[in-house]
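A structural walkthrough
For reference, the chains in residue letters:
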Amino acid sequence: MANSHDGFLNEMGAARAALDKGDAKGAFARLERAHILGQLHFFDHVVSHVWMLKVALRQRDGREIFGQLLRLGATVPGHLFGWLPIGNTGGADVSPLKPMPIPSDLTPYFTGFSLRRQIARQWVIVGVVTVAVALWIAR
């Protein structure tokens, strides 16, 4: 299985390079690809939306700004409850609930991916953190 975080970092680097050249449209296209890969990891998913918001703010695109703020708020419950429309590009121009085809060059990153396994792993983390905080408070 290809390392999805490495693929995510490659897409983010390409997005930053495009943005540095003043190519907001090209940057956003790379951020959409980063978002697809970012859905596999909570932190990467959040980062992709933060950068989409950054581009929207630079462009003064009110619709995209609002859409990214909503998507950022939905990221935590989306990951905890499995409301991840795999393949979704993450922009405000598509429904945040619509699964989309994964571009063929990104499909190797999804080999062996299981949304159920990811949700279970995240709930274990939430449980461990909750117990740790409860024990810390009770001391």
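Our subject is the structure that appears above.
Residues numbered from 1 in each chain as written. Predicted model: local features only at pLDDT ≥ 70, side-chain atom pairs only at ≥ 80, totals over all residues. Heavy atoms only, no water.

So, unusual backbone geometry
- Look at Arg-60: it is not a glycine, yet its phi comes out positive at around 55°.
- With respect to the helices and strands, the residue Arg-60 is situated in the loop between helix H3 (42-59) and helix H4 (62-81). (Helix = DSSP H or I, 4+ residues; strand = E, 2+ residues; numbered from the N terminus.)

Section: the pattern of salt bridges
- Counted by the stated rule, this structure contains 3 salt bridges.
- With a closest N to O distance of 3.0 Å, Arg-33 and Glu-11 form a salt bridge. Remark: Glu-11 occurs in helix H1 (residues 4-20) and Arg-33 occurs in helix H2 (residues 24-38); sequence separation between them is 22 residues. There is no split in this pair, since Arg-33 and Glu-11 are both buried.
- Arg-33 is the salt-bridge partner of Asp-105, the closest N and O atoms lying 2.6 Å from each other. Highlighted residues: Asp-105 in the loop between H4 and helix H5 (115-138) and Arg-33 in helix H2, separated in sequence by 72 residues.
- Each of Glu-11, Arg-30, Arg-33 and Asp-105 takes part in a single network of salt bridges with overlapping partners. (Salt bridge = Lys/Arg side-chain N within 4 Å of Asp/Glu carboxyl O. Buried < 20%, exposed > 50% of the residue type's maximum accessible area, 1.4 Å probe, protein only.)

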